[in-house]
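Observations on the three-dimensional arrangement
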Protein chains: 2
Amino acid sequence: MKIAPSYASSLDLERGSVDMTHGAGGLATEQLIREVFAKHFRNDWLEQGHDGALLPPLKGNPVFSSDGHVVKPLFFPGGDIGRLAVAGTVNDVAVCGAKPLYLSASFILEEGLPLAELDRIVASMADTAREAGVAIVTGDTKVVEKGHGDGLYVATSGIGEKLVDYVIDGRSARPGDAVIVTGTIGDHGTAILSERESLGFETEVVSDAAPLNRMIEALLAAVPVVHVLRDPTRGGVAATLNEIAHQSGVGVELDESSLPVRPAVAAACEFLGLDPLYVANEGKLLVILPEEYADMALKALRSDPHGTDAAVIGRITEEHAGVVEMTTLPGGKRLVDWLHGEQLPRIC
Amino acid sequence: MKIAPSYASSLDLERGSVDMTHGAGGLATEQLIREVFAKHFRNDWLEQGHDGALLPPLKGNPVFSSDGHVVKPLFFPGGDIGRLAVAGTVNDVAVCGAKPLYLSASFILEEGLPLAELDRIVASMADTAREAGVAIVTGDTKVVEKGHGDGLYVATSGIGEKLVDYVIDGRSARPGDAVIVTGTIGDHGTAILSERESLGFETEVVSDAAPLNRMIEALLAAVPVVHVLRDPTRGGVAATLNEIAHQSGVGVELDESSLPVRPAVAAACEFLGLDPLYVANEGKLLVILPEEYADMALKALRSDPHGTDAAVIGRITEEHAGVVEMTTLPGGKRLVDWLHGEQLPRIC
């Protein structure tokens, strides 16, 4: 007698673990989708149960982005790989000047991953999606043998609709623009490394992983134009500004005294031999726009919970094109170079 | 002195390998993107060099799909993980009745992967994208330490625009519909397993991995309506038809004598103890539509190089809802059940 899928016994979410059958495309895959993914992500598009999701028409031009996530450990102070994956893709769509709407999630699970961990991560993705106001509408699950993964990798992609009719990209910085950062730098990377190395700092360092699309929407509504928006993740503020300097053919001058750094992060970085300028952020933006709009921008950013510490940290120059320089605390100048080697592996 | 990225020495694509710096978000990541990904994928959207791609407006409703790929080995007769990843996502978008347009690719590379292999896989993705007429517009690269991956995993997502104004999905099969398969079944899974087990069959079994969007477009132009389109990948024709029977609340009756199976695949499956009905296809479609349009559909499908062996293999019934039955060669009936365990791991 055929047992219809809906009558199969439930997964043991407390003590069970992922096995190879969950990736085989049969009944076990179907059950995992229904009892974990569909349970948390629940929306009309997933209900379509098709290979893809059929979406309503978009109002603005589509923006499309994709990111893989391999952070280690899976859970860390301030977040987990699920929050990171959703916030990361939401932010990548939003920094193109778009409103993120729909996300996909492709999971690569390692045989033996406790179902309880998977369930917690998927719940965190659903929470973060709600926070951002986006829906996770389609996805995929693959399973690899024990020893060929690291618990869980997840790739998220996102679609949004453009909010403004001008270009916002790394090629659009202009001499005279102000450079704003929306809060303290280096929080995420320092939190990961502290957790990984089991460093017991007196003050816990917490990841800033957060979806920033609502703050970006408020910013775009408040100012006539923004030239560049970027979230300084891997390689930190230093790598991102070098990319922008290179893409726009301009110089960047930073002022060290204006860089917001939490004392606990500064202390941890000093201990670890890291420079916060190169450490990943997952809940911060770099905003580059004409200097005359800097105050308007700061006002809009600071009214968002993720932007309370927003500050102007430098300016765009015509001189030394392609180069990022910083006026240091003692008053000298130093080059803020590209990240040449490996700062922190598996940070996002 | 600062060396601008464009003057850095080139990657050694013959003898070099992936290291952790390629995933760190600094100069090495930038170089890998430029000298491998951008070289092969070259298009205006990648040139934007932003966190996401800004796309032209879509004509029809958007369709969005995503798939992870962990096939082992990376190269196999008839294809490689790159061809599979592009064709797989193109097909997942197309079976929703859409024209696939834009793809993203998120790579998870294992430290030590030869750059020559990466370059070959990326070239294959670019070739397959050209074959399908889609552009790979955005992406991401992460690197995990040796022993935490398996050379290369890649997640692809795709966006398309709906071609027809009616619904095509797994819930739309109706009693009286004909069930068509567009060619021989079980080719892909059998090819992978033969390669993995180093089985030296006399006739080589070759994967059918191919983008089917052009064939689907021709089909949709040729018939007034299609109820269901699916590509029977993991779990094969059996798993896909069970899903459809369940989603639509209908029965499926197959006729074993009409199932197209290559003699070499039949022989290999017999040797391996596999049933071709449960073996993955990566270049075949199941088409379910009113019986009166079956001949029109066959004509359109057979005029495409991927559909020359298209055949009606069964019909949709009101009886035994949720169940797939088959009239066997000797004339009996057998249940074609859900795939309960693991047929073939790491098949796509």
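Residues numbered from 1 in each chain as written. Chains lettered and ligands numbered in written order. Predicted model: local features only at pLDDT ≥ 70, side-chain atom pairs only at ≥ 80, totals over all residues. Heavy atoms only, no water.

All names here are of chain A. Closest axis-to-axis distance for the helix H6 (residues 213-222)/helix H9 (residues 294-302) pair is 9 Å, and the angle between their directions is 150°. Accordingly, the angle class assigned to the pair H6 and H9 is roughly antiparallel. In this structure, H6 crosses over H9, and the sense of that crossing is right-handed. Judged by residue contacts, Met215, Ala218, Leu219 and Ala222 of H6 engage Met296, Ala297, Ala300 and Leu301 from H9. For the contact of H6 with H9, a count of residues per class yields eight nonpolar, no polar and no charged. (Axes fitted to C-alpha atoms, helices over the stretch in contact; angles between N-to-C directions. Helix = DSSP H or I, 4+ residues; strand = E, 2+ residues; numbered from the N terminus. Parallel < 35°, antiparallel > 145°, perpendicular 65-115°, else oblique. Left-handed = near helix turned anticlockwise from the far one by under 90°. Contact = heavy atoms within 4.5 Å. Nonpolar A, V, L, I, M, F, W, Y, C, P; charged D, E, K, R; others polar.)

This brings us to the relation of the copies chain A and chain B. Expressed as a screw transformation, the operator carrying chain A onto chain B has a rotation angle of 180° and an axial translation of 0.0 Å, and the superposed copies differ by an RMSD of 0.0 Å. Taken together, the rotation and translation relating the two chain copies correspond to the operation of a two-fold axis. The share of interface residues of chain A whose copies in chain B are also at the interface is 100%, consistent with both copies meeting through the same surface. (Least-squares fit on C-alpha atoms with pLDDT ≥ 70 in both.)

This part covers the pairing of strand S6 (residues 135-144) of chain A. Judged by how many residues are buried, S6 of chain A sits mostly within the fold: nine of 10 residues are covered. Of the crossover connections in this fold, the one passing from strand S5 (residues 98-110) of chain A over helix H4 (residues 115-132) of chain A to the parallel S6 of chain A is right-handed. (Buried < 20%, exposed > 50% of the residue type's maximum accessible area, 1.4 Å probe, protein only. Right-handed = clockwise from strand over helix to strand, strands pointing away.)

Turning to the interface of chain A and chain B, a few remarks are in order. Each side of the interface is counted separately: chain A has 87 residues, and chain B has 87 residues. Where chain A packs against chain B, one counts eight salt bridges. Between Asp51 of chain B and Arg230 of chain A there is a salt bridge, and its shortest N-O distance comes to 3.3 Å. For the pair chain A and chain B, the interface holds 45 residue pairs in polar contact (both at pLDDT 80 or more). (Salt bridge = Lys/Arg side-chain N within 4 Å of Asp/Glu carboxyl O. Polar contact = N/O pair within 3.5 Å; in protein donor to acceptor, adjacent residues only side chain to side chain.)

On to the side chain of His50 of chain B, then. Along the chain, His50 of chain B turns up in the loop between helix H2 (44-47) and strand S1 (53-54). Here the side chain of His50 of chain B touches Val95 of chain A through a polar contact of 3.3 Å, landing on its backbone oxygen. Beyond its immediate chain neighbours, meaning those up to four positions away, His50 of chain B contacts Val95, Cys96, Ile168, Asp169, Gly170, Leu229 and Arg230 of chain A.

Residue and element names in this part refer to chain B. Strand order in this open sheet of seven strands is S9-S11-S8-S12-S10-S13-S14, and the pairing throughout is mixed. Two strands bound the open sheet, and with one partner strand each, they are strand S9 (228-230) and strand S14 (333-335). Sheet twist, expressed as the mean angle between neighbouring strand axes with direction ignored, is 25°. Two elements, strand S8 (residues 177-181) and strand S12 (residues 311-317), share four bridges in a ladder whose sense is antiparallel. Counterpart to Ala178 in the pairing with S12 is Arg315. (Pairing = 2+ DSSP bridges.)

On to the packing of aromatic side chains. Any two aromatic rings considered together are summarised by their centre-to-centre distance and by the angle between their planes. Residues and elements named next belong to chain A. One pass over the full model with this rule turns up seven aromatic pairs over all chains. Put simply, the rings of Phe37, Phe41 and Phe107 pair up and form one aromatic cluster. Taking the ring centre of Phe75 as reference, the NZ or CZ of Arg120 above it sits at 3.8 Å. (Phe/Tyr/Trp six-rings, centres within 6.5 Å; stacked < 30°, edge-to-face > 60°. Lys NZ or Arg CZ within 6 Å of the ring centre and 35° of its normal.)

Turning our attention to the state of the cysteines. Residues and elements named next belong to chain A. Under the criterion given, the structure shown has zero disulfides over all chains. As a non-bridged cysteine, Cys96 has Cys348 as the owner of its nearest cysteine sulfur, 17 Å distant. Using a relative accessible area of 5% as the deciding quantity, one classes Cys96 as buried. Left without a disulfide partner, Cys348 is nearest to the cysteine sulfur of Cys269, which lies 16 Å away. (Disulfide = S-S within 2.5 Å.)

As a further point, take the environment of Cys96 of chain A. Within the fold, Cys96 of chain A resides in the loop between helix H3 (81-94) and S5. Measuring from C-alpha to C-alpha, the distance between Cys96 of chain A and Leu163 of chain A comes to 9.1 Å, with 67 residues separating the pair along the chain. The residues contacting Cys96 of chain A, other than those within four sequence positions of it, are Val63, Lys162 and Ile168 of chain A together with His50 and Gly52 of chain B.

Here we come to the sheet that holds strand S14 (residues 333-335) of chain A. All names here are of chain A. Taking strand neighbours across the sheet as the criterion, the seven strands line up as S9-S11-S8-S12-S10-S13-S14 in an open arrangement whose pairing is mixed. The outermost strands of the open sheet, each flanked by one partner alone, are strand S9 (228-230) and S14. Across the sheet, the mean angle from the axis of one strand to that of its neighbour is 25°, orientation sign disregarded.

So, about helix H4 (residues 115-132) of chain B. Residues and elements named next belong to chain B. End to end, H4 covers 26 Å across 18 residues, agreeing with the expected 26 Å (1.5 Å per residue, within 8%). The complete set of buried residues in H4 reads Leu115, Leu118, Asp119, Ile121, Val122, Ala123, Ser124, Met125, Ala126, Thr128, Ala129 and Ala132. Note on H4: the residue one or two positions beyond its end, Gly133, has a positive phi of about 75°. (Expected span 1.5 Å × (residues − 1).)

The next thing to look at is the side chain of His188 of chain B. All names here are of chain B. As for its placement among the helices and strands, His188 is situated in helix H5 (residues 187-196). Within the structure, the side chain of His188 is placed 2.8 Å from the side chain of Ser207, a separation counted as a polar contact. Those residues within four positions of His188 in sequence are excluded, and the remaining contacts are Phe76, Leu84, Ser207, Asp208, Ala280, Asn281, Glu282 and Ile347.

Moving on, we come to the pairing of strand S13 (residues 324-327) of chain B. Residues and elements named next belong to chain B. In S13, alternate side chains face the same way, and those of Val324 and Met326 are buried while those of Glu325 and Thr327 on the opposite face are not. Here strand S10 (residues 251-255) runs beside S13; their pairing, made up of four bridges, is parallel. The partner of Asp255 across the bridge, within S13, is Thr327. In terms of strand pairing, S13 meets S14 through three bridges, oriented antiparallel. Bridging from a neighbouring strand, Met326 pairs with Arg334 of S14. The hairpin turn running from S13 into S14, its antiparallel successor, is five residues long, and Gly331 in that turn takes a positive phi close to 105°.

On to the pattern of salt bridges. Should their charged atoms come close, side chains of opposite charge can pair. Tallying each qualifying case throughout the model produces 44 salt bridges over all chains. For the salt bridge of Asp140 of chain A with Lys142 of chain A, the shortest nitrogen-to-oxygen distance reads 2.7 Å. With a closest N to O distance of 3.1 Å, Asp169 of chain B and Arg171 of chain B form a salt bridge. What you see here is one network of salt bridges that share partners, running through Asp67 and Arg234 of chain A together with Asp140 and Lys142 of chain B.

With that settled, the discussion passes to the confidence of the model for chain A. Interpretation of the predicted coordinates at a detailed level should be avoided for regions scoring low in pLDDT. For chain A, mean pLDDT is 94; residues scoring 70 or higher make up 96% of the total. Per the prediction output, this complex has pTM 0.95; the corresponding ipTM is 0.95. (pLDDT = per-residue confidence, 0-100.)

Moving on to the packing of H3 of chain A against H4 of chain A. Residue and element names in this part refer to chain A. Their axes nearest at 7 Å, the elements H3 and H4 cross at an angle of 30°. Crossing of H3 over H4 shows right-handed handedness. The residues of H4 that touch H3, namely those facing Ile81, Gly82, Arg83, Val86, Ala87 and Val90, are Ile121, Ser124, Met125, Thr128, Ala129, Glu131 and Ala132. Among the residues making up the contact of H3 with H4, the classes are represented as eight nonpolar, three polar and two charged.

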